[in-house]
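Okay, here's what each chain looks like letter by letter:
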Amino acid sequence: MKPPLLLIGQGSHDDNGSVEFGRFIHRLRCRLDQTAADVSGGYIAKARPRLSDSVASLVARGHHRMVAQPMSLTGGTWLGTDIPSAMARERERHPMLTCDYGRPLGSDPRVLALLAERLADAAAEVASLRLVPAAAGPLDDEPEHIEIGETAVVLVGDGSTSPESNADVHRVSRLFWETHAHEYMTVETAFVSLTPPGVPGGIERCRRLGAKRVIVVPYLLFAGGLLDRVWAQAMAYAAGHSNLDVRCADVIGDCEGLADVVIERYEEALSGIAW
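Residues numbered from 1 in each chain as written. Predicted model: local features only at pLDDT ≥ 70, side-chain atom pairs only at ≥ 80, totals over all residues. Heavy atoms only, no water.

Caption draft 1: Fine view of the packing of helix α4 (residues 109-124) against helix α8 (residues 256-271). Where α4 contacts α8, the two axes come as close as 9 Å, and the packing angle between them is 170°. The angle between α4 and α8 places the two elements in the roughly antiparallel class. Here α4 contributes Arg110, Val111 and Leu114 to the contact with α8, which in turn contributes Gly257, Leu258, Asp260, Val261, Glu264 and Arg265. Of the residues contributing to the contact of α4 with α8, the split by class is four nonpolar, one polar and four charged. (Axes fitted to C-alpha atoms, helices over the stretch in contact; angles between N-to-C directions. Helix = DSSP H or I, 4+ residues; strand = E, 2+ residues; numbered from the N terminus. Parallel < 35°, antiparallel > 145°, perpendicular 65-115°, else oblique. Contact = heavy atoms within 4.5 Å. Nonpolar A, V, L, I, M, F, W, Y, C, P; charged D, E, K, R; others polar.)

Okay, here's the thing in structure tokens:
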């Protein structure tokens, strides 16, 4: 039997993110069941299942070597310090435990392709009916046609106190524009919290560049509190700028494409490729 795959999340107080994380673990179990590889997952803090509980369960089932896969799109302190420290504590509890690490998910071309799918879905949505004064014309007026070159994209990361982590998001924005979104006016970068520009700032920059439509694309793995904050900030801005079409895409989410990336990271770690 192969060593188990252990997914490690940072954790938050939001239950929705935990539910989708659990669904993704189930998807991987179904995928890796054919190779007799166990799959588990846990959070370092705040949410359940806790990392310590998941590791203890795997050890109780006879596993003493495992592959730890950080469920993060960016690097920084969390990958460089928090996860190694957490796993060091687990090795103190379980002295026979050894651990290999999968590479961060980061700017994998398949992750960028998934972002492009979410962008396309948001761009294709039928615009909602707007309430307008009677003097402005009937509600069934044809909406203004907006070209793709008049549409801007704001890629939104979670935000960090780590400059390296924030720089990763800027790098992905550039890669995303060059590989999947070059027909759009621009791809700007924004963050949910901790570092500027925020979501309203990113949209405002697009407006000043002349965009007639802005699509906000969350650079996040799963739905939850962060996604709610992204949408809330975007819609609050849109409420004050009725002449700008603001749309919000969904997160990458629990899907086969993400599972493909994680399984490849797992196989790499088993073959000795380090990060």
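Once you've had a look at it, read on.
Caption draft 2: Representation of the sheet that holds strand β5 (residues 151-157) in the model. The sheet built from four strands is open, its strands ordered β6-β5-β7-β8 with parallel pairing. Two strands lie at the open edges of the sheet, namely β6 (187-191) and β8 (245-248), each paired on one side alone. Each neighbouring strand pair of the sheet contributes to a mean axis angle of 25°, computed without reference to strand direction. Summarising the sheet, β5 and strand β7 (residues 213-218) pair through six bridges and their orientation is parallel. Pairing of Ala152 across the sheet is with Val214, part of β7. This element, helix α5 (residues 163-179), spans β5 and β6 of the sheet and lies at about 155° to β6. (Pairing = 2+ DSSP bridges.)

Caption draft 3: Representation of the packing of aromatic side chains in the model. Counted under the stated rule, the structure contains three aromatic pairs. With centroids separated by 4.7 Å and ring planes inclined at 40°, the aromatic side chains of Phe21 and Tyr43 adopt a geometry described as tilted. Here Phe21 is found in helix α1 (residues 15-32), whereas its partner Tyr43 is found in strand β2 (residues 39-43), with 22 residues between them in sequence. Assessed through its relative accessible area of 2%, Phe21 is described here as buried. Measuring from ring centre to ring centre gives 6.3 Å for Phe21 and Phe222, while their planes differ by 65°; the resulting arrangement is edge-to-face. Of the two residues, Phe21 sits in helix α1 while Phe222 sits in the loop between β7 and α7 (225-239), which places them 201 residues apart along the sequence. Of the two residues, Phe21 and Phe222, neither departs from the other in class, the shared state being buried. (Phe/Tyr/Trp six-rings, centres within 6.5 Å; stacked < 30°, edge-to-face > 60°. Buried < 20%, exposed > 50% of the residue type's maximum accessible area, 1.4 Å probe, protein only.)

Caption draft 4: Focus on the sheet that holds strand β4 (residues 98-101). Ordered in space as β2-β1-β3-β4, the four strands form an open sheet in which the pairing is parallel. The sheet is open, and its two borders are formed by β2 and β4, each paired with just one other strand. For this sheet, the mean angle separating the axes of adjacent strands, direction not counted, is 30°. Of the pairings in the sheet, the one linking strand β1 (residues 5-9) to strand β3 (residues 65-70) comprises four bridges and is parallel in character. Its bridge partner lying in β3, Leu5 is registered against Val67. The strands touched by helix α2 (residues 51-60) are β1, β2 and β3; relative to β2, the strand with the most contacts, the crossing angle is about 155°. α8 contacts β1, β3 and β4 of the sheet and is inclined by roughly 135° relative to β3.

Caption draft 5: Representation of the environment of Glu256 within the structure. Examined against the element boundaries, Glu256 turns out to sit in helix α8. When the C-alpha atoms of Glu256 and Leu28 are compared, they prove to be 9.0 Å apart, with 228 residues separating the residues in sequence. Those residues in contact with Glu256 that sit more than four places away from it in its chain are Arg27 and Arg31. A polar side-chain atom of Glu256 sits 2.5 Å from a polar atom in the side chain of Arg27. (Polar contact = N/O pair within 3.5 Å; in protein donor to acceptor, adjacent residues only side chain to side chain.)

Caption draft 6: Here's a closer look at the pairing of β2. Among the five residues in β2, five count as buried, and that is most of the element. Side chains Val39, Gly41 and Tyr43 project from β2 onto one buried face, and the interleaved Ser40 and Gly42 project onto a second face that is buried too.

Caption draft 7: Quick peek at the pattern of salt bridges. Taken as a whole, this structure holds 22 salt bridges when the rule is applied. A salt bridge links Arg207 to Glu204; the nearest nitrogen and oxygen atoms lie 2.7 Å apart. With a gap of three residues between them, Arg207 and Glu204 both fall in helix α6 (residues 199-208), about one helical turn apart. Salt bridges sharing partners connect three or more residues here, namely Arg27, Arg31, Asp254, Glu256 and Asp260. (Salt bridge = Lys/Arg side-chain N within 4 Å of Asp/Glu carboxyl O.)

Caption draft 8: Examining the confidence of the model for the protein chain more closely. The pLDDT averaged across the protein chain works out to 88; a share of 88% of its residues lies at or above 70. Counting interchain partners and residues more than four positions distant, the pLDDT-below-50 stretch residues 127-140 has eight contacts. (pLDDT = per-residue confidence, 0-100.)

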